[in-house]
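Listed below, chain by chain, are the residues.
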Amino acid sequence: MEQNTDIIKKVRKIEIKARGLSQQLFSGEYHSAFKGRGMAFSEVREYQYGDDVRSIDWNVTARLNHPYVKIFEEERELTVMLLVDVSGSNRFGTHHQFKEELVAEVAATLAFSAIQNNDKVGVIMFSDRIEKFIPPKKGSSHILRIIRELITYKPQSNGTDISEGLRYFTNVIKKRCTAFLLSDFYDDNYNDALKIASGKHDIVAIRIADEKEVHLPDLGLAKFYDPETDETIWIDTADASIRKDFAARYAAHVTKVDETLHHYGIDQTILYTGEDYVKELKKLFERRGRK
């Protein structure tokens, strides 16, 4: 009973934060970044707060003496998919927050942004297998289910296979949609699946990271645990050459991911645990809105 109460509190806390952020910050940016991209014109309706001013139909506005905006066929019901990496490497964090906790907050914020723009939201959780699929739907109760699953779900596997998540996504979602891929991208073999998925859907990469993954701190002799392989090793972090090699490996990882995403024309942002992710998400939305 106590555990269930704790879960309800966590869900409520994320709900309040995510709902507030999506309402205050992302309504206009979300609309311009993800709505009506290449869709066919359908009709006009009266301007509503948060609508992109660039969608105003000036001829109708002048004739009726009131602002009207153009509506595109799929604006009425865009589908947003959250592809969430739940592998073992996400159970890491050094700023009072694990990467998986940051993922839950960001996913909830994106879900609320979609819902308030009258879109469906679905979730695919993956490790090196498909862990859970929540079909896209609308409504507050659906969002609360998503948040609860993000907080409480215990993966069956610790490994990472991004291509598995992408292949499943491509197979189950036939109609073109916007998909946010939330992962730390610790995987080397997802190019083919990403090529196919990005050819059918609008994919946005949200890379989750922690500062200590970038720079190994000098802690002396320290024990490190890899949740994906379940292995524990001792590392002499006082050794400058080890710290330098660690930084170089991470830099190579970042470069490879950057090149892959750029090659397939995928927008991305990097979010760090313990830092303000709102600012970076807002920048991402604004960049897409200018395209």
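Preceding this section is the structure that the text describes.
Report on the accompanying structure. (Residues numbered from 1 in each chain as written. Predicted model: local features only at pLDDT ≥ 70, side-chain atom pairs only at ≥ 80, totals over all residues. Heavy atoms only, no water.)

**Comments concerning the nonpolar core**
- Ranked by internal contacts, the top residues of the largest apolar core, which has 42 residues, are Leu82, Val106, Phe180 and Ile206.
- The set of elements that each furnish at least two residues to this core consists of α1 (2–34), β3 (79–85), α3 (99–116), β4 (120–126), α4 (140–152), β6 (178–183), β7 (202–209) and α9 (277–289).
- Here this core gets 10 residues from one element, more than from any other, and that element is α3.
- Aside from chain neighbours lying at most four places away, what touches Leu82 is Ala107, Leu110, Ala111, Val121, Gly122, Val123, Ile124 and Phe180. (Core = buried A, V, L, I, M, F, W, Y, C linked by side-chain atoms within 4.5 Å. Buried < 20%, exposed > 50% of the residue type's maximum accessible area, 1.4 Å probe, protein only. Helix = DSSP H or I, 4+ residues; strand = E, 2+ residues; numbered from the N terminus. Contact = heavy atoms within 4.5 Å.)

**Some thoughts on the packing of α3 against α4**
- α4 packs onto α3 with a crossing angle of 170° between their chain directions and a minimal axis gap of 10 Å. Here α3 lies roughly antiparallel to α4, going by the angle between them. When α3 is examined against α4, the residues Ala104, Ala107, Ala108, Ala111, Phe112 and Ile115 are found in contact with a partner set consisting of Ile143, Ile147 and Leu150.
- Here the residues of the contact of α3 with α4 are counted per class, giving nine nonpolar, no polar and no charged. (Axes fitted to C-alpha atoms, helices over the stretch in contact; angles between N-to-C directions. Parallel < 35°, antiparallel > 145°, perpendicular 65-115°, else oblique. Nonpolar A, V, L, I, M, F, W, Y, C, P; charged D, E, K, R; others polar.)

**Regarding the environment of Phe169**
- Position of Phe169 among the secondary structure elements: in helix α5 (residues 162–172).
- Residues Phe169 and His201, spaced 32 residues apart in sequence, show a C-alpha to C-alpha distance of 9.8 Å.
- What Phe169 contacts, discounting residues up to four positions off in sequence, is Met81, Leu83, Ile124, Cys177, Ala179, Ala197, His201 and Ile203.

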